[in-house]
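So you can see what is in the structure, the chains are spelled out below.
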Amino acid sequence: MKFEKVIQGHIVTPEGDFSGEIGINNGKIVEVSDRKGALHGEKVDDFGQDFVFPGFIDAHVHCFSNPNEGIRKASSAAAKGGITSFLDMPYDLPVPISNVSVLEEKIAEVNEQAVVDIALWGTIPKENGAQVIDELAEAGVAGFKLSTFETDPYRFPRIEDADILEAMKKTAAHNLVIAFHAENDEMLTRYIEDAKKAGQKEAIHHNLTRPPVTETTAVVKLLDMASWSGAKLHIVHVSHARSIDYVEWFKQQGTNVTAETCYNYLLLTTEDLKKFGPKAKINPPLRLPEQVEALERKLLEGQIDFITSDHAPWQKADKTIGEYDIFKAKSGSPGLEIMVPLLFDHLVDQKGISPARFAELLALAPARRFRLVDKGSIETGKDADIVVIKRGAPWRIDENDFLSVSDVSPFHEHTVHNRIEATFVRGHLVYSHEGGINTQTAGRFIKPGEVNRDEDKQAALGGHVGTSK
């Protein structure tokens, strides 16, 4: 058989990694060989001994929290960062994705502008919101995102417990994930008000007004509600190990739950919050160094399901406003084009996890959880979403050189020791280190596929494909 394209390199599959090649036809992986020269292609891309990973998946992106970003810029940043698919959050400004008409408009924009593939989260209104779940589910959302903390009563509201329980039941009926920003609104609102009254506005007070208990109390409540409702629960941006302890206990009782952490919570601490101020302000906040170490241990022990960026494309004006009052600055930081290289340095080169485990955390696990059945691994029949990483190729992060509209990052001037050499979406080269972004967009809207529900639940309850070393 002659393939349209053959990609050669050090291939990373769920079973392990080896020098070999991938045969691609019609955007699909048709054959994987453990030796080079076995497959014949009309075009052969030989990447030597560079790592050839499955396209990475970021399940937590905010394209439109800042409307200056949008699909084109965010998906270009993703391609440059080795992310071939992402799930975009529903808290768009000015209108959240809480009805079918706005969802359909966003789908059309994705299909017109996306460089990589994009799935979409839906959400619900503040009151009696569960009524929109049926229509949004039928229209193809990948899951529903809700919050126990209120950023904005219209765009990013706190959902009351009775509505949360009803939403859990409805999403379970559609076999869709329901995810939560889990912080205790009552507690942290009071703590923030008290700090402001006392004039405590330095950067560290972002951490002090959101202590771990504001996260863990919200997490426990959601876990218990999920256990009663049969929901497919997902806890986003976990910042503390105790939250993972609770998640693990409920998993052992049979609750269908997964949890993510974000790259910031593994790589930064309160020392960085004090050093960088508003640049390092995210919700939940950065934690103490010893708490970051404990969270990392949970990851290395296999108790965290996957890692995301929580990409929030704020610009300098959004952050510098909080230089003398941390509460005025926007929360969040960009991550699409730097998360994978930073984590590769930290987890593979420094902590010694296997390439297969790295691929699981950043590709296979999110693909399984959100039923992106054509994504997540280098296996026959899957989409030819492929990312090439060159080891030992140092470069320095420059916040002024992002493809994202964001121009502010606590990782500014940090040296990374690997780079994204090439990114393919369904066999199409969408980014290369030499040529940059391909102007012919290859991305499209994607939605969950059908899988066996028993297998789907089992994937959430445990078992990893890679080894830790």
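Residues numbered from 1 in each chain as written. Predicted model: local features only at pLDDT ≥ 70, side-chain atom pairs only at ≥ 80, totals over all residues. Heavy atoms only, no water.

### Notes on the overall build of the protein chain
Next up, step 1: What the protein chain contains, in helices and strands, is 15 helices and 16 strands.
Next up, step 2: Expected size for 469 residues packed as a compact globule is a radius of gyration near 23 Å; at 21 Å, the protein chain falls within 12% of this value.
Next up, step 3: Dimensions of the protein chain, computed from the C-alpha atoms along their principal axes, are close to 70 × 45 × 40 Å.
Next up, step 4: Across the 469 residues in the protein chain, those meeting the buried criterion constitute 62%. (Helix = DSSP H or I, 4+ residues; strand = E, 2+ residues; numbered from the N terminus. Rg over C-alpha atoms; globule rule 2.2 N^0.38 Å. Buried < 20%, exposed > 50% of the residue type's maximum accessible area, 1.4 Å probe, protein only.)

### Considering the confidence of the model for the protein chain
Atomic detail in the predicted coordinates should be set aside for any region of low pLDDT.
Next up, step 1: Per-chain confidence: the protein chain averages 95 in pLDDT, with 96% of residues scoring 70 or above.
Next up, step 2: Low pLDDT, under 50, characterises residues 463–469; the predicted model gives this stretch 21 contacts beyond four residues in sequence or across chains. (pLDDT = per-residue confidence, 0-100. Contact = heavy atoms within 4.5 Å.)

### A few points about helix H4 (residues 161–173)
Next up, step 1: For H4, with 13 residues, the first-to-last C-alpha span of 19 Å sits near the 18 Å given by 1.5 Å per residue.
Next up, step 2: For H4, every residue scored as buried is listed here: Asp163, Ile164, Ala167, Met168, Thr171 and Ala172. Buried residues along H4 cover an arc of 170° about the axis, so they all sit on one side. Those residues of H4 that are exposed and aimed more than 90 degrees away from the buried face are Ala162 and Ala173. (Expected span 1.5 Å × (residues − 1). Arc of directions from axis to C-beta.)

### Remarks on the pairing of strand E14 (residues 415–425)
A regular strand carries its side chains on alternate faces of the sheet.
Next up, step 1: The element E14 is largely enclosed, with a buried count of 8 among its 11 residues.
Next up, step 2: Bridge count between strand E13 (residues 386–396) and E14: 8 bridges; the pairing is antiparallel. Within the sheet, the bridge partner assigned to Val388 lies in E14 and is Ala422.
Next up, step 3: Here E14 pairs with strand E15 (residues 428–432) via 4 bridges, running antiparallel. The residue bridging Thr423 from the neighbouring strand is Tyr431, located in E15.
Next up, step 4: Hairpin connection, E14 to E15: the antiparallel pair is bridged by 2 residues, and Arg426 has positive phi, about 50°. (Pairing = 2+ DSSP bridges.)

### As for the packing of aromatic side chains
Next up, step 1: By the definition in use, this model includes 13 aromatic pairs.
Next up, step 2: Aromatic pair Phe53 and Phe358: ring centres 5.8 Å apart, planes at 65°, arrangement edge-to-face. With a gap of 305 residues between them, Phe53 in strand E4 (residues 40–54) and Phe358 in helix H14 (residues 355–369) connect regions that are remote in the sequence.
Next up, step 3: Where Phe306 meets Phe370, the ring centres are 6.1 Å apart and the plane angle is 65°; that geometry is what we call edge-to-face. In this pair, Phe306 sits in strand E12 (residues 306–308) while Phe370 sits in the loop between H14 and E13, placing the two residues 64 residues apart along the sequence. The residues Phe306 and Phe370 share a single accessibility class, namely buried.
Next up, step 4: One aromatic cluster in this structure is built from Phe51, Phe53, Phe56, Phe344 and Phe358.
Next up, step 5: Across from the ring centre of Phe149, 4.7 Å away, lies the NZ or CZ of Arg210, which sits over that ring. (Phe/Tyr/Trp six-rings, centres within 6.5 Å; stacked < 30°, edge-to-face > 60°. Lys NZ or Arg CZ within 6 Å of the ring centre and 35° of its normal.)

### Observations concerning the nonpolar core
Proteins that are soluble and globular tend to have nonpolar side chains buried together.
Next up, step 1: Within the largest apolar cluster, 104 residues are counted, with the highest numbers of intra-cluster contacts made by Phe56, Met168 and Phe358.
Next up, step 2: Ranked by residues supplied to this core, first place goes to helix H13 (residues 339–350) with 7 residues.
Next up, step 3: Excluding anything up to four places from it in sequence, Phe56 contacts Gly82, Ile83, Thr84, Ser85, Val340, Phe358, Ala359, Leu362, Ala363, Val387 and Ile389.
Next up, step 4: Counting residues in hydrophobic clusters, the runner-up holds 16 residues, among them Ile57, Ala59, Ala365 and Ile446. (Core = buried A, V, L, I, M, F, W, Y, C linked by side-chain atoms within 4.5 Å.)

### Some details on the pairing of strand E11 (residues 257–262)
Next up, step 1: Counted residue by residue, E11 has 6 buried out of 6 residues, so it is predominantly covered.
Next up, step 2: The two faces of E11 match: Val257, Ala259 and Thr261 on one face and Thr258, Glu260 and Cys262 on the other face are all buried.
Next up, step 3: In the sheet, strand E10 (residues 232–235) pairs with E11 via 3 bridges, with the strands oriented parallel. Paired with His234 across the strands is Thr258, a residue of E11.
Next up, step 4: Once you follow E10 into helix H8 (residues 241–252) and on to E11, the crossover reads as right-handed.
Next up, step 5: Inspection of the sheet shows E11 paired to E12 by 3 bridges, in the parallel sense. In the sheet register, Glu260 faces E12, and the bridge partner there is Phe306. (Right-handed = clockwise from strand over helix to strand, strands pointing away.)

### A look at the state of the cysteines
Next up, step 1: Enumeration according to the criterion identifies 0 disulfides in this entry.
Next up, step 2: Here Cys63 stays free of any disulfide, with the sulfur of Cys262 as its closest cysteine sulfur at 16 Å.
Next up, step 3: You can call Cys63 buried: its relative accessible area is 0%. (Disulfide = S-S within 2.5 Å.)

### Here we look at the sheet that holds E13
Next up, step 1: Overall, mixed pairing links the 8 strands, which are arranged E3-E2-E1-E4-E13-E14-E15-E16 in an open sheet. Of all the strands in the sheet, the pair left with one neighbour each is strand E3 (28–33) and strand E16 (436–437).
Next up, step 2: The pairing of strand E2 (residues 16–25) with E3 spans 5 bridges and is classified as antiparallel. Across the sheet, Ile24 pairs through a bridge with Ile29, a residue of E3.
Next up, step 3: Along the sheet, H13 contacts E4, E13 and E14; its crossing angle with E14, the most-contacted strand, is approximately 120°. (Axes fitted to C-alpha atoms, helices over the stretch in contact; angles between N-to-C directions.)

### Some points on the pattern of salt bridges
Next up, step 1: One pass over the full model with this rule turns up 29 salt bridges.
Next up, step 2: Close ionic contact of Asp374 with Lys28 constitutes a salt bridge, the shortest N to O distance being 3.4 Å. Taken together, the residues span a long stretch of sequence, with Asp374 in the loop between H14 and E13 and Lys28 in strand E3 at a distance of 346 residues.
Next up, step 3: Under the relative-accessibility criterion, Lys28 is labelled partly exposed at 27%.
Next up, step 4: For the salt bridge of Lys316 with Glu399, the shortest nitrogen-to-oxygen distance reads 3.7 Å. Taken together, the positions of Lys316 in helix H12 (residues 316–320) and Glu399 in the loop between E13 and E14 put the pair 83 residues apart, joining distant regions of the chain.
Next up, step 5: Residue Glu399 is classed as buried on the basis of its relative accessible area of 5%.
Next up, step 6: Through salt bridges with shared partners, one network takes in Lys28, Asp117, Asp374, Lys375, Asp383, Asp385 and Arg426. (Salt bridge = Lys/Arg side-chain N within 4 Å of Asp/Glu carboxyl O.)

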